[in-house]
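Structure assessment
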Amino acid sequence: MSWQIKNIFDPASTIDYASGLIGADLNPLPTGLRSWDAACYETDGKGLSNYWFTIVGGASNSGKTQLLQHLLKQAWIHHMNPGLITMEVPLTGIQRSVYSRITDYKYHDLAPKTFEDKDAAEKVLDLKNQVKSYAGTDRTFTVAEHDGSPDLDQIKEMCYAMKQAGCGVIGLDHLQLIKSPIGEIADRATEIAEELRRFAHKERILVLALSQLNRFASRERGRRPICQDLWGGTSMESNANQVILIDHTLMRRDMDKTHIVRTRLLLDKNREGPNRVSMDVEANFGTGVWREAEPHEEDLWSDD
């Protein structure tokens, strides 16, 4: 990595900077959550900029993968051609989730025991046609599956391959499965976070990465997480443009509609606007949509 040295008081440096502000293409991704979008000052409240490295953190089974899939759905809705590097959920699992959200087939319909019947051949063609109709001519979703724990060089290679394929947003399903020859957790986290931040900033591609919390924070179910609780500690926080956390202290399932969970998101680190922004959200695991609570719904999230 070479140094770039400039006297920023030099008129030429000032002109270079100011000229770069004119017509800057930030190509923001709307999150679909009004408080999160509003906290993105650099994009004038329109969402996540195309060069940010954004971490979604949370305890195990708190809904990180579901939130990432919501954001990737936002990307394909807005024709930003997302890519997903999956190390945890198998490719077929991603396909089942996505197809159940864009076609007439529900999640339980896309299981072998329910799909394979006398009409299976017709179903195959029907599913293909529905997905093709939804995608149209300019909507793609590229998924790369790794059958083990890839190393950082392999992750970088896949990121560049996805950029070459036209992806404008790249998701990683979680950082702790990336291998590194460095033994210490903090050092490994530093190396991984620095490289992903560098890729996002240099190539101007939004990178969304999932991160576990450390074991202590995951066990403390009565305490709200903070960005210092991320696995790997300070380096994760310092390299990210934003860190949004799923609050495991508030996790309520609707017992009448068990596919709906109400929880809280915490925008704890935000280099591009206000931090410590709290938003009550409803996650619909059937449709894959996350939405923010309306004012009249506050009682649904009451701690009483």
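The preceding data block contains the structure.
Within any chain, residue numbers begin from 1 and follow the written order of that chain's sequence. It should be noted that, the model being predicted, local features are given only for residues of pLDDT at least 70 and side-chain atom pairs only at 80 or more, the latter also being counted only at that level, while totals for whole chains, interfaces and linings use all residues. Values shown for side chains rest on all heavy atoms present in the structure; no hydrogens or waters enter the calculation.

Side note on the side chain of aspartate 247
Note the cut-off: Each helix is a run of DSSP H or I of at least 4 residues and each strand a run of E of at least 2, with the numbering of both proceeding from the N terminus. The cut-offs for exposure are 20% and 50% of the maximum accessible area for each residue type, with area from a 1.4 Å probe on protein chains only; residues under the lower value are buried, those over the upper are exposed, and the others partly exposed. We call two N or O atoms a polar contact when they sit within 3.5 Å, provided that within protein one can donate a hydrogen and the other can accept it, with sequence-adjacent residues counted only if both atoms are side-chain atoms. By the convention used here, residues are in contact when the closest approach between their heavy atoms is within 4.5 Å.
Secondary-structure assignment places aspartate 247 in strand E6 (residues 242-253). Taking relative accessible area as the criterion, aspartate 247 reaches 0% and is therefore assigned buried. Of the polar contacts made by the side chain of aspartate 247, one reaches the side chain of threonine 249; its length is 2.6 Å. Aside from chain neighbours lying at most four places away, what touches aspartate 247 is Arg224, Pro225, Thr263, Arg264 and Leu266.

Comments concerning the nonpolar core
Among soluble globular proteins, nonpolar side chains are generally buried collectively. Basically, it comes down to this: Here, nonpolar core means buried Ala, Val, Leu, Ile, Met, Phe, Trp, Tyr and Cys residues that are tied together by side-chain atoms lying within 4.5 Å of each other.
In terms of nonpolar packing, the biggest core is built from 38 residues, with Trp36, Leu48, Leu208, Leu265, Met279 and Trp290 touching the most fellow members. Elements with a contribution of two residues or more to this core: helix H3 (64-77), helix H4 (91-102), helix H6 (120-135), strand E5 (206-212), E6, strand E7 (260-270) and strand E8 (277-284). The element that contributes the greatest number of residues to this core is H3, accounting for 6 residues. Counting residues in each nonpolar core, the second largest holds 34 residues, with Cys159, Leu172, Cys227 and Val243 among its members.

Details of the pattern of salt bridges
Inclusion rule: Any carboxyl oxygen of Asp or Glu that lies within 4 Å of a side-chain nitrogen of Lys or Arg is treated as forming a salt bridge with it.
In total, this model carries 12 salt bridges according to the counting rule given. The salt bridge partner of lysine 156 is glutamate 195, with a shortest N-O separation of 3.4 Å. Taken together, the positions of lysine 156 in helix H7 (residues 152-164) and glutamate 195 in helix H8 (residues 185-203) put the pair 39 residues apart, joining distant regions of the chain. Connected through shared salt-bridge partners, Arg224, Asp247, Arg264 and Asp280 make up one network.

Considering the side chain of glutamate 272
Relative to the helices and strands, glutamate 272 resides in the loop between E7 and E8. Separated by 2.8 Å, the side chains of glutamate 272 and asparagine 241 make a polar contact. Look past the residues within four positions of glutamate 272 in its chain and what remains in contact with it is Ala39, Cys40, Tyr41, Glu42, Tyr51, Trp52 and Asn241.

Here we look at H7
Let me state the cut-off plainly: Expected span, for any helix, means 1.5 Å times one less than how many residues it has. Here the arc refers to the directions that run from the helix axis out to each C-beta atom.
The end-to-end C-alpha distance of H7, which contains 13 residues, comes to 18 Å, matching closely the 18 Å that a straight helix rising 1.5 Å per residue would cover. Those residues of H7 that sit buried are Leu152, Ile155, Cys159 and Met162. Looking straight down H7, one finds that the buried residues subtend no more than 85 degrees of arc, so they occupy a single side. Along H7, the residues that are exposed and aim more than 90 degrees away from the buried face are Asp153, Glu157 and Gln164. The opening residue of H7, the one whose side-chain oxygen lies 3.2 Å from the backbone nitrogen of aspartate 153, is aspartate 151. Looking at the residues trailing H7, positive phi occurs at glycine 166, about 100 degrees.

Looking at the packing of H3 against H4
Stated formally: For helices, the fitted axis covers only the stretch in contact; all axes are lines through C-alpha atoms, and the angles between them, taken along N-to-C directions, range from 0 to 180 degrees. Working rule for angles: under 35 degrees goes down as roughly parallel, over 145 as roughly antiparallel, 65 to 115 as roughly perpendicular, anything else as oblique. For a crossing to be left-handed, the near helix must be turned anticlockwise from the far one by less than a right angle; the clockwise case is right-handed. Classes in brief: Ala, Val, Leu, Ile, Met, Phe, Trp, Tyr, Cys and Pro nonpolar; Asp, Glu, Lys and Arg charged; the others, Gly included, polar.
Contact geometry for H3 and H4: axes closest at 12 Å, N-to-C directions at 55 degrees. Taken together, the axis directions place H3 and H4 in an arrangement best described as oblique. For the crossing formed where H3 meets H4, the hand is right-handed. Of the residues in H4, those touching H3 at Gln66, Gln69, Lys73 and Trp76 are Ile94, Ser97, Val98, Arg101 and Ile102. Per-class residue counts for the contact of H3 with H4 are 4 nonpolar, 3 polar and 2 charged.

As for empty space enclosed by the protein
What counts here: For each structure, a 1 Å grid was placed over the protein atoms alone; sets of points admitting a 1.4 Å probe that cannot get out are labelled cavities, open sets with protein on both sides within 12 Å along at least five of seven lines are labelled pockets, and lining residues have an atom within 4 Å of a point. Grid points are joined across faces, edges and corners, and a volume is the space filled by probe spheres set on the points.
Tallying each qualifying case throughout the model produces 1 cavity of 30 Å³ or more. Of the pockets and cavities examined, the largest cavity occupies roughly 60 Å³. Contributing to the lining of the largest cavity are Gln69, Leu72, Lys73, Trp76, Ile94, Val98, Arg101, Phe141, Thr287 and Gly288. At the level of elements, H3 and H4 are the ones that each hand at least two residues to the lining of the largest cavity. With 4 residues, the top contributor of residues to the lining of the largest cavity is H3. Residue classes in the lining of the largest cavity are distributed as 5 nonpolar, 3 polar and 2 charged.

Re the pairing of strand E1 (residues 53-58)
To keep it simple, the criterion reads: The criterion for strand pairing is that DSSP finds at least two bridges linking the strands in question.
With 6 of its 6 residues buried, E1 lies for the most part within the structure. Across 6 bridges, the pairing between E1 and E5 is parallel. Along E5, the bridge assignment pairs valine 56 with leucine 210. Sheet analysis places E1 next to E6, joined by 4 bridges and oriented parallel. For isoleucine 55, the partnering residue across the bridge sits in E6 and is valine 243.

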